[in-house]
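# Coordinate inspection notes
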Amino acid sequence: MTHILHRRIHHTLPVAVAAQGLVITDADGREYLDACGGAAVSCLGHGHPEVLAAMHAQTDRVAYAHTSFFTTDVAEELADELVRTAPAGTSHVYFVSGGSEAMEAALKMARQYFVETGQPQRRHFVARRQSYHGNTLGALAVGGNEWRRRQFAPLLIEVSHVSPCYEYRGRAEGETPEAYGARLVQELAETFERLGPDTVIAFVAETVGGATSGALTPVPGYLQGVRELCSRHGVLLILDEVMCGMGRTGTLHACEQDGVVPDLLTIAKGLGGGYQPIGAVLAQQRIVEAFSKGSGLFQHGHTYLGHPVACAAALAVQRVIHRDGLLERVRQLGQGLRERLHTAFGTHAQVGDIRGRGLFQAIELVAEREGKTPFEPGLQVHARIKAECMARGLMVYPMGGTLDGRLGDHVLLAPPFIATEADLDTLVERLAAGVQAALASLPRLQGSQGRQGHSA
Ligand SMILES: Cc1ncc(COP(=O)(O)O)c(C=O)c1O
């Protein structure tokens, strides 16, 4: 009997007893290939000796020093490194302990910026449906996943949600990707107009959609259009790269590939690679300058800001990524993963879309491919795939509610950057077998669609 309130009370979890490279081993000796880095976290895999050594050394030096009393060399060095590699104009880093905390800090920073600069009437946030920004109340409020929001709705700040950039389902027939992107920007412009543009604080978006939408990539021109629109109205752009950032898409920041610089950029997961809980907000100089010229502080704080051991882990992770040329490797492996997914699922009757960037890719499952019909949510296709993949020694990150928080299933893949081509072979083989077994277990599909139209 456990005394932990686990995520699912009636579900029994295997006990992880060892983790090395891409493999996690449970107490029964079963091995699992980590093809999702947990939740796109373990970018260097498990047990990386240099990261462990850096953490040990920092523990011996200074394990903890509260940031209202001290700064530490290791936190300063990490901030220097992050600013050196950040989008143009970034001058400061605010360290926190994870993605939700990063989002909370970014939302408050954005609001305080307008208070400091004499625009206290700005109070609205605009974000996108199907997005995920974390589970604390502010982050949950900007998030657009209906299922996650519903029971907490009375507690959430008011946020306007616009359409996600979801080309597979949102782009009309005959419409170019560019025209689709422009249509979405127009929708955002209309939302700003409805609220009164000078009352809007920020537009919040994941550069590449993650957990609740499955590696949704922006169409060409979309984010540039968003950036221009925000700038025109003095609205801040907050890009959430908690999941898609820190190299996962093949560039350190995903937005580099879109040629867009946000005002605030949140990062976490791959920053510390799972070795320690750490996240951060990267802030543009003019925002910090407004604080500096105004109140002289950012009115926020947590006990574990800039935790030295977390900073040591993150610094080591980032140095390894840089030294070993892992961004280039992510681009190459990403191409290999895409090709393998297309070979395995390109003509699969129940796979409607394959999408993503770098080592951040997803497949979207459909009951019927022509009409892009989602499965009945009660079938829990995503949960079946997760279970069947685990039974085959494969960790992937499936999720339901892809379309609207209720309908739709996708499987997100985010293998460590140190994966090999052989790991990708194993990944896609086991995934194909897991998907097939899950589909074969569906009452309606047994012996029919579940086994047909499948090229793998
Ligand atoms: C894009 C995004 N933002 C924020 C979060 C929240 O991060 P955390 O779970 O570390 O609080 C997540 C977590 O999956 C995420 O994917």
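All of these numbers come straight from a predicted model, not from anything done at the bench.

All right, on to the sheet that holds strand β7 (residues 200-206) then. Spatially, β4-β10-β9-β8-β7-β5-β6 is the arrangement adopted by the 7 strands of the open sheet, whose pairing is mixed. Since the sheet does not close on itself, it has two edges, and those belong to β4 (90-96) and β6 (159-162), each with one partner. Neighbour-to-neighbour, the strand axes of this sheet turn through a mean angle of 20°, independent of strand direction. One ladder, built from 5 bridges, connects β7 with strand β8 (residues 236-240); its direction is parallel. For Glu-206, the partnering residue across the bridge sits in β8 and is Asp-240. Docked against the sheet, helix α3 (residues 73-84) engages β4, β9 (264-267) and β10 (279-284), running at close to 130° with respect to β4.

Averaged over all residues, the pLDDT of the protein chain is 96; the fraction at 70 or higher stands at 97%. Below a pLDDT of 50 lies the segment residues 446-456, which in the model reaches 22 contacts outside its immediate sequence neighbourhood of four places, other chains included.

Right, let's get into the pattern of salt bridges. Going through the model one piece at a time under the given rule, you end up with 18 salt bridges. One salt bridge connects Arg-286 with Asp-263, and the closest N-O pair in it is separated by 2.6 Å. Of this pair, Arg-286 sits in helix α10 (residues 285-293) while Asp-263 sits in the loop between β8 and β9, and the two are 23 residues apart along the sequence. Judged by its relative accessible area of 4%, Asp-263 is buried.

Looking at the ligand, the residues that line it are Gly-98, Gly-99, Ser-100, Tyr-132, His-133, Gly-134, Glu-206, Asp-240, Val-242, Met-243 and Lys-269. Taking Gly-99, its main chain carries an N or O atom lying 2.8 Å from an oxygen atom of the ligand. Alone, the ligand offers 390 Å² of accessible surface; in the complex the protein occludes 82% of this. Class assignment of the residues belonging to the shell around the ligand gives a composition of 3 nonpolar, 5 polar and 3 charged.

Now for α3. Helix length check: α3 (12 residues) gives 16 Å between terminal C-alpha atoms against 16 Å at 1.5 Å per residue, within 8%. Of all the residues in α3, the buried ones are Val-74, Ala-75, Leu-78, Ala-79, Glu-81 and Leu-82. Relative to the axis of α3, the buried residues are bounded by an arc of 160° and lie together on one face. For α3, the exposed residues lying more than 90 degrees away from the buried face are Asp-73, Asp-80 and Arg-84.

If you walk through the whole model with that rule in mind, you get 4 aromatic pairs. Judged by centre distance (6.0 Å) and plane angle (65°), the ring pair of Tyr-64 and Tyr-304 falls under edge-to-face. Taken together, the residues span a long stretch of sequence, with Tyr-64 in the loop between α2 (49-61) and α3 and Tyr-304 in the loop between α10 and α11 (308-323) at a distance of 240 residues. Ring centres 5.1 Å apart and planes at 75° place the aromatic pair Tyr-94 and Phe-298 in the edge-to-face group. Pair noted here: Tyr-94 is in strand β4 and Phe-298 is in the loop between α10 and α11, with a separation of 204 residues, a long-range link.

Strands sit in the order β11-β12-β15-β14 across an open sheet of 4 strands; the sheet is antiparallel. Bordering the open sheet on either side are β11 (351-357) and β14 (397-400), each of which pairs with just one other strand. The sheet shows a mean angle of 20° between the axes of neighbouring strands, taken without regard to direction. Pairing geometry for strand β12 (residues 360-365) and strand β15 (residues 409-413), over 5 bridges, is antiparallel. In the strand pairing of β15, Glu-364 is matched with His-410. Sitting on the sheet, helix α13 (residues 381-391) touches β12, β14 and β15, and the angle it makes with β14 is about 165°.

What counts, and where the lines are drawn
- Residues numbered from 1 in each chain as written.
- Predicted model: local features only at pLDDT ≥ 70, side-chain atom pairs only at ≥ 80, totals over all residues.
- Heavy atoms only, no water.
- Pairing = 2+ DSSP bridges.
- Helix = DSSP H or I, 4+ residues; strand = E, 2+ residues; numbered from the N terminus.
- Axes fitted to C-alpha atoms, helices over the stretch in contact; angles between N-to-C directions.
- Contact = heavy atoms within 4.5 Å.
- pLDDT = per-residue confidence, 0-100.
- Salt bridge = Lys/Arg side-chain N within 4 Å of Asp/Glu carboxyl O.
- Buried < 20%, exposed > 50% of the residue type's maximum accessible area, 1.4 Å probe, protein only.
- Near = heavy atom within 4 Å.
- Polar contact = N/O pair within 3.5 Å; in protein donor to acceptor, adjacent residues only side chain to side chain.
- Areas by Shrake-Rupley, 256 points an atom, 1.4 Å probe, with all protein chains shown as cover.
- Nonpolar A, V, L, I, M, F, W, Y, C, P; charged D, E, K, R; others polar.
- Expected span 1.5 Å × (residues − 1).
- Arc of directions from axis to C-beta.
- Phe/Tyr/Trp six-rings, centres within 6.5 Å; stacked < 30°, edge-to-face > 60°.

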